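# Residue-level structure breakdown
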Amino acid sequence: MGSSLSGSFVIWLLSTLLATINQVAGQTQCISDPTIAAAFEDTEGSCCMNDVCGLPCPTPVSPPAVGYGIVIGVGIAISFLVGFATLFLVHGEAENFFVAGRSLPLWIVSMTLGAQSIDSNAILGNADLSYKYHFYDGAVLPIGLGLSLILNGIFLARHINAERNVLTLPDVFAKRYGRVVEVLVSIAAIISFMMLLAGNLVGMGVILSYVWGFSVEAAIWTTFVIVWAYTVSGGLFSVAYTDVVQGIMGWSGCFVFAYYMIANQNPQAPPPSIGFPGYVYPDLQGDGGICDMYQGVACTNNATLCCYNAPLWCPSDENCTTDNGAYPIGDRPVFPNQLTDFLALSPFPNAIMWDWATIFVLGLGNLAALDFQARCMAAKTPSIATYGCLIGGAFTFFVGIPFAYMGSITRVYYGPDSIHASFSTDTCHPLLGLPTCALWEPDAQAFLHLLTHDVPAFLGGWCLLGIVTASMSTADGAILAMGTVFAHNIVRQLDVWRPDLISAENLLWATRLATIPLSLSSTLIAAYYTSDNPQGATGYLLIVAFDVMLATCVVPLFGCFYCKNPSPNAALLSILAGAITRTVLEFTLPKDGYLLLPYDVPEFQDVGPAASAKFPVFFDEPAENLWNPEEEVCDTRQFEDFTGVDSLSALLASFTVFVLVQFIEVQLGRPMFTLPGLQPYIKNIKTEEPDELGKSGGTKPEGQLEDDSGKNEVEMSQKEDSEEQE
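I will try to describe carefully the structure that is included in this document. Computed from a predicted model, the values in this text were never measured in an experiment.

## Re the overall build of the protein
In terms of regular secondary structure, the protein is built from 28 helices and 4 strands. Out of the 726 residues in the protein, the part that is buried amounts to 54%. Sequence-distant contacts in the protein: of pairs separated by 6 or more residues, those separated by 24 or more amount to 80%. For the protein, the accessible surface area stands at approximately 29400 Å², while carbon and sulfur atoms represent 64% of it.

## Things to note about the packing of helix 11 (residues 169–177) against helix 12 (residues 179–212)
At a closest axis distance of 7 Å, the pairing of helix 11 and helix 12 adopts a crossing angle of 155°. On the basis of their axis angle, the class for helix 11 and helix 12 is roughly antiparallel. Between helix 11 and helix 12 lies a crossing of right-handed hand. Counting all contacts with helix 11, which are made through Pro170, Asp171, Phe173, Ala174 and Tyr177, the residues of helix 12 involved are Arg179, Val181, Glu182, Val185 and Ser186. Classifying every residue of the contact of helix 11 with helix 12 gives 6 nonpolar, 1 polar and 3 charged.

## What about the environment of asparagine 319?
Within the secondary structure layout, asparagine 319 lies in the loop between helix 16 (310–313) and helix 17 (352–365). For asparagine 319, the contacting residues outside a window of four places in its chain are Trp313 and Cys314.

## Focus: the packing of helix 12 against helix 24 (residues 540–552)
Running from N to C, helix 12 and helix 24 point in directions that differ by 165°, and their axes come no closer than 7 Å. In terms of their interaxial angle, helix 12 and helix 24 are classed as roughly antiparallel. You can see that helix 12 and helix 24 cross each other, and the crossing is left-handed. Two secondary-structure elements touch here, helix 12 through Ala188, Ala189, Ile191, Ser192, Phe193, Met195, Leu196, Ala198, Gly199 and Val202 and helix 24 through Leu541, Leu542, Val544, Ala545, Phe546, Val548, Met549 and Thr552. The residue inventory of the contact of helix 12 with helix 24, partitioned by class, reads 15 nonpolar, 3 polar and no charged.

## Here we look at the pattern of salt bridges
Within this structure, the stated rule accounts for 10 salt bridges. For arginine 176, the salt bridge identified is with glutamate 163, shortest N-O distance 2.9 Å. With arginine 176 in helix 11 and glutamate 163 in the loop between helix 10 (157–162) and helix 11, this pair connects stretches of sequence that are 13 residues apart. Judged by relative accessible area, which is 6%, glutamate 163 ranks as buried. When the shortest N-O distance is used, the salt bridge between lysine 591 and glutamate 586 registers 2.8 Å. Taking relative accessible area as the criterion, glutamate 586 reaches 31% and is therefore assigned partly exposed. Overlapping salt bridges, with partners in common, bring together Asp547, Arg582, Glu586, Lys591 and Asp646 in one network.

## Here's the deal with the state of the cysteines
Note on terminology: a disulfide is the covalent bond linking the sulfur atoms of two cysteines. Applying the stated rule across the entire model yields 7 disulfides. The disulfide partner of cysteine 299 is cysteine 307, and the gap between their sulfur atoms is 1.9 Å. Handedness of the cysteine 299-cysteine 307 disulfide follows from its S-S torsion of about 100°: it is right-handed. Given a relative accessible area of 5%, cysteine 299 falls into the buried group. Since its relative accessible area comes to 4%, cysteine 307 is described here as buried. The disulfide that involves cysteine 428 links it to cysteine 634, with 1.8 Å between the sulfurs. In this structure the cystine formed by cysteine 428 and cysteine 634 twists about its S-S bond by roughly 90°; its chirality is therefore right-handed. Linking cysteine 428 in the loop between strand 3 (423–424) and strand 4 (439–440) with cysteine 634 in the loop between helix 26 (568–588) and helix 27 (645–668), this pair joins segments that are 206 residues apart in sequence.

## Concerning the nonpolar core
Among the nonpolar cores identified, the biggest contains 166 residues, and Phe257, Phe403, Phe447 and Phe546 are the most heavily contacted of them. No other element matches helix 12, which puts 18 residues into this core. If sequence neighbours within four positions are ignored, phenylalanine 447 has contacts with Leu124, Ala127, Asp128, Phe257, Phe403, Met406, Thr410 and Ile467.

## Observations regarding unusual backbone geometry
At the junction of serine 346 and proline 347, the peptide bond is cis and its omega measures out at 20° in the coordinates. Looking at where proline 347 falls in the secondary structure, it is placed in the loop between helix 16 and helix 17. For asparagine 165, which is not a glycine, the phi torsion comes out positive at approximately 55°. According to the relative accessible area criterion, asparagine 165 is partly exposed, its value standing at 22%. With a phi angle near 55°, asparagine 565 is a residue other than glycine that sits in the positive phi range.

## Points about a nonpolar patch on the surface
A surface patch of nonpolar side chains, amounting to about 430 Å² of accessible area, comprises Trp221, Leu513, Ile516, Leu520 and Leu524. Ranked by residue count, the leading element in the nonpolar patch is helix 23 (residues 507–532), at 4 residues. Note on placement: leucine 520 falls in helix 23. Overall, leucine 520 belongs to the partly exposed group, its relative accessible area being 31%.

## Focus: the packing of aromatic side chains
According to the stated counting rule, one finds 28 aromatic pairs in the structure shown. Relative to phenylalanine 403, the ring of phenylalanine 257 has its centre 6.2 Å away and its plane inclined at 40°; by these criteria the two rings are tilted. On the criterion of sequence distance, the pair formed by phenylalanine 257 in helix 14 (residues 236–264) and phenylalanine 403 in the loop between helix 19 (382–400) and helix 20 (405–414) is long-range, its members being 146 residues apart. Residues phenylalanine 257 and phenylalanine 403 agree in their burial class; the two are buried. Each ring, one from tyrosine 599 and one from phenylalanine 604, has its centre 4.9 Å from the other, and the planes form 65°; the classification is edge-to-face. Its relative accessible area of 23% is what places tyrosine 599 among the partly exposed residues. Under the relative-accessibility criterion, phenylalanine 604 is labelled buried at 0%. Put simply, the rings of Phe276, Tyr279, Tyr281, Tyr294, Phe615, Phe618 and Phe619 touch in pairs and so form one group of aromatic residues.

## Concerning the environment of leucine 589
Note on placement: leucine 589 falls in the loop between helix 26 and helix 27. For leucine 589 and phenylalanine 642, which are 53 residues apart along the polypeptide, the C-alpha to C-alpha distance reads 6.2 Å. Beyond its immediate sequence surroundings of up to four residues, leucine 589 is in contact with Phe642, Val645 and Asp646.

The rules behind these values
- Residues numbered from 1 in each chain as written.
- Predicted model: local features only at pLDDT ≥ 70, side-chain atom pairs only at ≥ 80, totals over all residues.
- Heavy atoms only, no water.
- Helix = DSSP H or I, 4+ residues; strand = E, 2+ residues; numbered from the N terminus.
- Buried < 20%, exposed > 50% of the residue type's maximum accessible area, 1.4 Å probe, protein only.
- Contact = heavy atoms within 4.5 Å.
- Areas by Shrake-Rupley, 256 points an atom, 1.4 Å probe, with all protein chains shown as cover.
- Axes fitted to C-alpha atoms, helices over the stretch in contact; angles between N-to-C directions.
- Parallel < 35°, antiparallel > 145°, perpendicular 65-115°, else oblique.
- Left-handed = near helix turned anticlockwise from the far one by under 90°.
- Nonpolar A, V, L, I, M, F, W, Y, C, P; charged D, E, K, R; others polar.
- Salt bridge = Lys/Arg side-chain N within 4 Å of Asp/Glu carboxyl O.
- Disulfide = S-S within 2.5 Å.
- Core = buried A, V, L, I, M, F, W, Y, C linked by side-chain atoms within 4.5 Å.
- Patch = residues over 30% accessible without salt bridge, like charges linked within 9 Å, V, L, I, M, F, W, Y side chains within 5 Å.
- Phe/Tyr/Trp six-rings, centres within 6.5 Å; stacked < 30°, edge-to-face > 60°.

This is the structure in structure tokens:
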């Protein structure tokens, strides 16, 4: 009997302890401070938002209809078949594979250039960023990409197209600066395009995972296999012709969807919050505008204030119109001063430095983009290359910038005042007057939800198809560019020792093989980035990609065409200076991951942990029940992220070194130093005839490259450039 009683006591004690632990765990799951957590009841079947914030639990979003997955599958199948069919246009010739026989007309050049800039970054990443932050945080992506095409058309396209005996952009560097610079540029370009491909695989993977119902990682690998297969079959022919088909199917859908939503969505941004019982409306200069809008009534505890009209808007639990009070004075589709005033989004921080850095990185870094310049080489004439860039840039603006408006529209349906909103309860912010529940948690799939649940199904499916096909058009260009550069500009350097390793005849197959490890590496980056990186969102990898090119290749590229006798030493040191500066600053500048340059103002303070169990300051409660931030301090810290400073500093270092070395050598009348591999040379790119320069493997000894007229082609090219500049 005693043994039985003691056993029962032990069981009761353990049960009590477990219940207590579970209760505390339930409380600390919402708020870590046990003292604050104890003030809130842990209601069974509820959620932290309801227990702590008094807000309804987020309403889940249903999966998309099956039809969206079918539409995406059909679009991908059509693109694959068109791309694979172009295998028969290549005829085994490298020039056909790499630059489409230099035969593309204006309309195809324009579409392919536009296709390379309009992808999941400029559309899905754009909408995601403008939804999470604001208009220009997304719009800077198409602004930068479109600007790069405009600048390329003005300054570089005609020169690139007029180049002879080149298949890739590094070939242009080889003709001016020699093997060493060619290899360095090739390495930088491959790293850049691995990031570009990874970014597009992330975008496509997110969509395919959403509509097909399997993991993002599996969707990324599926996309890689599809795009790789048709790209290596037809090369630039497959890329160009699929761009046309993808444009007809997809970009038109993105264009129609964006302008339809802008014309028909009212409001275009969340209006002032209607609030909930006990919510106090803001008094804007005493005009009572928002109070009058919602027919507010005098507050119970302070009759001079205006409160939510519960009898009118919430007569019963079943008939209650409320929101979360997240927009006291409403939102706006665009804040015109967002790019000029770091307090433009007050009370929220404005990432003005990141926005401008993004425009510079994409606008200038893309000038050294392999895919852009490959299309310029493939154009029939220099004028077609020029006008193609200008048209492609205008097209990028016309389609991409309106998509930033989709962020404000998405916030109406899935923003902090929507029924789907989720808030982190263990957060405070004095500027918002919130002792708890201060941090809104954006829905990573909000824009996809909008496309599949809140717009006409036809338009939503058409836009989804457009995003996927646009991403495919950029991904295939990236795969082709990486394989081409690796085989043609890096592996062919071994012909000094093994002339028969990579010849003009087997270059095409070597390129196809090279795409396998490079594309696999990009896919691994995409899968890792999606699953483990806290910044795992479309758009960011695009900026990383051309940050690499901005730091290393842009300045010597301009030197190719705008310097008389550009110096190989200047190019080499410029590339090294930019790369070293960018690398050092990446690891020495403070970066907290929020992309906000520090400003000593309250808007640039991060949220802190929950500070009090009292009511927020905008509640109709007695003064003693309202949070006083001076007594119960919210422990915040200043944002500190110098992202962007490193990118612009690297460009400045690269430019300064190039100009300084070029100037010194002009004054000296000779090179500062001479190293092997810094002598200009030209590769043989023909497959149908022997190397006219007389060396197996397609490369003449440096300094002995003569064309049919007996003149040194390198010097002729530089002379033509100088005359054109003059």
